[in-house]
Amino acid sequence: MWDKTIKAVIFDMDGVLLDTETVCKVCWRRAADEYGISGIDEAFRRCIGQNTADTLAVLREYCGERLSPEAFYARTSELFHVVEQEQGLSLMPFVRECLESLKSRALRLAVASSTRWESVSRQLKAAGIFHFFETITTGDTVLHSKPAPDIYLKSLESLGLSAADCVAVEDSPNGVRAATRAGIRCIMVPDQIQPDEEMKRTAWKIAENLQELVEEAHGI
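For clarity, every value in this text was computed on a predicted model and none was experimentally measured.

A. Here's a closer look at the pairing of strand β3 (residues 135-138). The side-chain alternation of β3 yields two buried faces, one formed by T135 and T137 and the other by I136 and T138. In this fold, the crossover linking strand β2 (residues 108-113) to β3 by way of helix α6 (residues 117-127) has right-handed handedness.

This is the structure in structure tokens:
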């Protein structure tokens with residue numbers, strides 16, 4: 001049960017609100033097949049939760065001299081946009097119910113996503129949930145992406161709240177590390193990566209889905 005000191009909930013977007021990571025993984029595999037790059041699942045796992053600059057740094061290790069990481073990343077983006085335009089992006093389970101429930105309890109809602117503002121705003125609007133969030137902090141506004149705490153520190157600043165006032169919701173180890181390093185209690189709702197022993201120690205709570213989060217907040 002949450003206590004009444006919690007004033008805001010800060011959500012990651014990819015893999016928490018929108019089912020983008022499933023699509024991304026498929027696109028990365030397709031691009032890797034096209035260019036003959038091996039080990040792409042490991043690279044993808046390492047990059048979950050990171051911004052473009054840090055993602056490119058990781059990709060450089062896998063692309064070698066045959067292809068620039070920028071070219072590979074651009075190709076994955078092309079493939080992703082085809083899926084987004086033709087099929088749309090799905091909400092993760094219980095997203096709308098969760099946001100409506102938390103809002104009804106007068107909790108302030110925010111987003112802290114490593115994705116660029118242009119993509120975050122477009123995708124949240126298309127999904128019909130953009131209006132729920134008071135502030136949105138994106139990866140192109142900070143120097144260091146998750147697991148560094150920068151994006152969460154900036155999100156706290158945008159809300160005018162302290163870390164003790166907030167709870168973060170993340171799906172990836174990088175996200176959990178970032179929120180925790182900013183001093184924020186973090187609930188992990190796993191998507192592509194299941195919690196290991198480090199995550200079980202680091203996360204404040206681990207929930208199977210966002211419905212459990214609503215049940216936890218019932219006392220607010």
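From this point, things continue past the structure.
B. View of unusual backbone geometry. The residue after K146, namely P147, is reached through a cis peptide bond having omega 20 degrees. Of note, P147 is situated in the loop between β3 and α7 (150-159). The residue A106 is not glycine, and still its phi comes out positive at about 65 degrees.

C. Spotlight on the pattern of salt bridges. Under the counting rule described, the total for this entry stands at 16 salt bridges. In this structure, E118 engages R116 in a salt bridge whose closest nitrogen and oxygen atoms are separated by 3.8 Å. Judged by relative accessible area, E118 falls into the partly exposed class, the value being 40%. Between K146 and E170 there is a salt bridge, with the nearest N and O atoms lying 2.7 Å from each other. One end of the pair, K146, is in the loop between β3 and α7; the other, E170, is in strand β4 (residues 166-170), and 24 residues separate them in sequence.

D. A look at the sheet that holds β3. Reading across from one edge, β3-β2-β1-β4-β5-β6 is the order of the six strands in this open sheet, with parallel pairing throughout. Sheet topology places β3 and β6 (205-206) at the edges, where each strand pairs with a single neighbour. Against the sheet, helix α5 (residues 95-104) touches β1 (8-11) and β2, its axis set at about 155 degrees to β1.

Rules behind the numbers
- Residues numbered from 1 in each chain as written.
- Predicted model: local features only at pLDDT ≥ 70, side-chain atom pairs only at ≥ 80, totals over all residues.
- Heavy atoms only, no water.
- Buried < 20%, exposed > 50% of the residue type's maximum accessible area, 1.4 Å probe, protein only.
- Helix = DSSP H or I, 4+ residues; strand = E, 2+ residues; numbered from the N terminus.
- Right-handed = clockwise from strand over helix to strand, strands pointing away.
- Salt bridge = Lys/Arg side-chain N within 4 Å of Asp/Glu carboxyl O.
- Pairing = 2+ DSSP bridges.
- Contact = heavy atoms within 4.5 Å.
- Axes fitted to C-alpha atoms, helices over the stretch in contact; angles between N-to-C directions.

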